[in-house]
Every structure is written in structure tokens, then in C-alpha cells.
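One-letter residues, chain by chain:
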Amino acid sequence: MKKDTTRKNTSAWRTLLAGFLAAAVFAGICASNIMYAQDAYVSDALYQHPEPLDGQIVLINIDQKSLDALGPFPTWGRALMGDVINTLNQDPEQAPAVTALDVLYVGASDDPEGDAYLAEACANSTPVVVACAGTFGSQLVENEDGSFYMDDYALIAYDEPYEELKNATWQGHINSMFDGDGILRHGIWQIDLPDGEEIPSFHRQIYELYCEQTGQEASTVPYTDSNYRYYVPYRAMPGAYSDGYSVIDLLNGEIDPSAYAGKIVLIGPYAAGMQDDFTTAIDHAGKMYGIEYQANMLDALIHGTTKREAGRLPQILAVFIVTLVWALLFSKRSLRTIIIGWAVTVGGYIGICLMAYQKGLVLSPLYIPLAVTVLFIGSIAFGYLRAALEKRRVTATFQRYVAPEIVAELLKEGSDAAALGGKLCDIAVLFVDIRGFTTMSEVLEPEEVVQILNRYLTLTSACIFDNSGTLDKFVGDCTMAFWGAPLPQEDSIYKAVKTAFDMIERSADVQRELEEKFGRTVSFGIGVHYGPAVVGNIGAPNRMDYTAIGDTVNTAARLEANAPGGCIYVSHAVAEALEGRVRFTSLGDTVPLKGKAAGFEVLRAEELLDK
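Report on the accompanying structure.

Calculation notes
- Residues numbered from 1 in each chain as written.
- Predicted model: local features only at pLDDT ≥ 70, side-chain atom pairs only at ≥ 80, totals over all residues.
- Heavy atoms only, no water.
- Helix = DSSP H or I, 4+ residues; strand = E, 2+ residues; numbered from the N terminus.
- Buried < 20%, exposed > 50% of the residue type's maximum accessible area, 1.4 Å probe, protein only.
- Pairing = 2+ DSSP bridges.
- Contact = heavy atoms within 4.5 Å.

## Structural notes on the environment of Thr280
No. 1: Mapped onto the secondary structure, Thr280 falls in strand E11 (residues 277–280).
No. 2: Thr280 sits in the buried class, given a relative accessible area of 0%.
No. 3: Sequence separation between Thr280 and Gly182 is 98 residues; the distance between their C-alpha atoms is 8.6 Å.

## Examining the pairing of strand E4 (residues 148–159)
No. 1: Bridge count for strand E3 (residues 128–142) against E4 is 9 bridges, and the pairing is antiparallel. Paired with Val141 across the two strands is Tyr149, which belongs to E4.
No. 2: Following E3, the chain reverses through 5 residues before pairing antiparallel with E4; Gly146 in that reversal takes a positive phi of roughly 95 degrees.

## Quick look at the side chain of Ser43
No. 1: Mapping Ser43 onto the fold places it in helix H2 (residues 36–47).
No. 2: Among the residues examined, Ser43 registers a relative accessible area of 8% and is labelled buried.
No. 3: Here Ser43 is in contact with Gln48, Tyr231, Val362 and Pro365, once residues within four sequence places are set aside.

## A closer look at unusual backbone geometry
Trans peptide bonds make up most of the peptide bonds, and negative phi angles are found at most residues other than glycine.
No. 1: Of the consecutive residues Ala485 and Pro486, the connecting peptide bond is found in the cis state with omega at 10 degrees.
No. 2: Assignment of secondary structure puts Pro486 in the loop between strand E17 (478–483) and helix H16 (492–518).
No. 3: If you check the backbone angles, Asn33 has positive phi at about 65 degrees while not being a glycine.
No. 4: With respect to the helices and strands, the residue Asn33 is situated in the loop between helix H1 (2–32) and H2.
No. 5: Even without being glycine, Asp491 reaches a positive phi, approximately 60 degrees.
No. 6: Relative to the assigned elements, Asp491 resides in the loop between E17 and H16.

Written as C-alpha cells, this is what we have:
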């Protein structure tokens, strides 16, 4: 009992240690961010889906149609954009709520009149937002204490509209920051200039002006990191915001003012050659133009659907705890339980991620399902490996002793039968010995003796296995076998007696061969008894024998020792169990058995009656 408890405790500690190691590995993977791209890909697939649009954002595109009609964009001149602004505002009752130019107009041009015309058009219109941009890079920065550090997100340049346009408009930066895999997933809420001035993002500035124009409160403020980055929940696929309106259509009067009256109008590049397109989280295959990207972020602000990404540390702890729990739960569980546990955990966690996303929280969707799936596959693989090893161990333990069909049954039962220890059960025991072998071995060559012995032992083994018996051992020219263990057997007594008759019958051919070859022959003396015995693997863990011990075994051996060649001696217990199936002749107590009191009846088995 103490050994079993110690073994169980050792196994439990090993399982716990393996669970901690697995949890540490997956928590480390999460913490190291080495699978960020994969996690982000799964996140995009799970969270980023198009939603119905309300039409409050209108795109007027600088598209290929406009370029074909008006020439390359650098040749347009700023006066042309002034005409666009004036056209949008020619009827104050149907003017846009806010107009935004996703175009950089930095510094004075060589057409001062055109510069002034655009600034005047913006000053006389409903609010106009124009683009500005910062350039970021690495820069050595000095702390207040005189020490230095390298700032990898330092603002090293800033481009803003020329003075007249700046005074007539509102500005917002159009900077974006790609993730490590080149996908655009985050917006930048603001940038800070060296003088402390805060420059809002392009979409933020538009949103705040739109709320002011429509009498709403600009209450949506996304959660940002230390660099003002925030997660963008895209609301539309590339192309979804565009109704096909182009600048040339507007200038030609082909767009009904009701299409943009009271709405937000975004004007910007919408042609591949203008190099203002990106790969975004909602569509990895297609490109999204800059004004569409701005429209998505602006729409998220208007509808209050911005999200907050969960903190890194809580997610690492969650991965560690879930991995540890399931490493322990998957250990030594049935396949059915493992499959259900895996499906519930993975499906449940994905459901939690989706619900959290609807509530505004972005959880990492990869690491916990990955950890549980790896543990799931590992536990199944380990289970199969363990089953294969147990099968091999059980087979190695019993294949020398029992018939193949019994080994197959043992494998179904499990590995307990191969453990060190024994159990008390009723068995039929058979001993068979070669009569006259000692005399023969004295006159034959050693090689001939071994040849004859192997022939007889092969014969006895075959008879035992053919009748589903367990071969216990060979002791010189003696063979021991039993029935009823390691698994209970029907009709075990009859199988033992039938085995004895098979040995007598099959030995006839061998006896003739020996007579012809050596001029000598031998025969079998057999004893069979039935009763309780301790059966099991007895010995040491590194050297054990599957055997039976007890008085039943000793009695069978005594019967065999007294049986003449060609005779089968059995006990009264055997004869009583096989009455009517085997013909016996009682010898009474005329055969004294060592260790047995007087009156022990011995019978000779004469014939099987139900062949």
C-alpha cells in the first residue's frame, strides 16, 4: 500500500511539473510576441467584419477618370481644389457639414494667386480640414538628469499647410503606423510637437467638427498606448464607402448636392498610381485607399465602436493558468473527456473573445486555443504512445506464458495484469514430466539430449496453448501450466484435462521416431489438480516471473510425480467437476502423496467421453 501511495505521489508530482513547464512555455511564447503575426491574422479573421453604413460619409475621389480629364495631379494647381470647395458650397443650404482634403499642401507654390484662391474658398465654406504629417525616426534624447536614451519614435520633421491655408482651415495629421507584418491595424490619435502643441489626427479633427456642426457631443475617445496608437475596428471593405463620385463629376455638375448635403465629404487620392493605398486588417488580399482608411476610423468614432486592446500581462497570466489547468486535466483522462474538454475550451474562449469585442475589449484569440490544442494533440499522442508501450509491456510479459488470444484479452483489460503482485483465484494446474528421460540422457550425446528435450517441450507447449492455457515454466524435463488465470476462463478444468490427453496422444509419433532413431523411447506422466492459488508476477521489478504458488500447485506436482508413464492422475476435485464428461478410475488412497494426509483420493483419467 505504501509503495502504491508513493508511486501515485511521484506520478502526481511529475504531472504537476509537466503542467508548469507547458504553462511556462506557452506563457513565454505569448510574452515574447514571437507569434504576433499569427495572432494578428487570427484576430483579423475573427473580429474584422463589414457592417452596414449609414451614408454620412461621402467620398469624392481623385480617381483615374479625373486624372484622365484634368491631367496628372501635380499639374492641377491649388486653384482647381479651390473650385472644388466652392462647388461644394455654392448652395449654403446643401453644403457639406465638414469637408476634408486628404492632400498635403505644404509651403507656397509658384502660383500665389492659386494659393490665395484655395485659402479664400476654404475660409468662405463650411469647416474644411486639411492634412498635415509628421516624420518619425530614431533620435538621441537627453533626460533632465543629463543622461541620454535612444527614442525610436521621435518626431524629426513636421509638414503643415502654407500659412494662408492653415489660417483658413483646421488641420489633422494623416500619419499611420503599420504593424510588423505590414498590415494597417492602428490609428494615431495625436502627435505632439516639440513645442508641446498637440496635433489631432485627421479623422479626429473631422469627427470633432462634425459633432460641433450637428449639435452632438464628441464623446468618443479611444484608449491609446504611450504612442497614442489605438486599435481600428474597420466597418467596411475596400470600395464600400465609394459611390463612384469623382472630382471631375463634381466640377461638371454631375453630382446632385443632396448626395453630400449635411454630410462629411472626404476628398483624396483614389487611383493606384498615386501610391496612397494600404493593406488593412479587414482585407489582406485587397488594397484600401487612404480616404477609405480615414472613413473607417471616422465612422468608428461617430458610432462609438472603438475598442481597447487587453493588457499584455493579464493575457500572459491567463495563458499560463489555462494551460496549467488543462495540462493537469488532460493527464490520464479518457479520449472522450479530452475531446469534450478541448472543444468546450476552444469554442468557449472564442465565444468569450467575440462577446468581449462587442463590449469594446480586444482579447488575443490565438494563444489559449493554441495551447489547449497543442495539449489536446499531445495528450492524444501521449495516450497512444503510452497504450503502445503498455501493450508492448503486457505482450512481453505474457507472450511467453499464454496463448495469443489470452494476450489479446489482457491488452483489452489494461496493464494491471503486468504489475508486480498477485491475487488469489481458483485455477486448474497441470504438471507433466518425461518418464525415462534421465536414463536416456546418460547414454546419448548432449546434442541429442537437447534435441529430444526441445522436441518434447515444444509439444507440451503447443498442447497448452492450443487449449488456451498459461505456460508457467520449464523445470528440466518438467512443464507446468494452469488455467483460470491471468483471466477467468470457462471450463478451465476440462481444458486442463484435455491438454493432458492431447499430450499423451501427440507423444505417440515422437515415441516412434525416438525408437527408430535411438532405439529408446520415453513417455509422459501427468498430474492435474484444481483449487485456490496465488497467481501473479512474483519477484523483483527488474526480474519477475508470472507464476502460481500454493497448495494446489504442490498437489498437482505430487500427482504428476506419482503418475506412471502414459498416465494422467487427477484429484477428486477434478473428477467431480468433470463427472459424465471424462471416464475416471479411482485408485482410492493407495497412492500416497507427500504432504497429504491419508485418505486423499487419486483417480486416473481414462478417456474423454464428449470428444
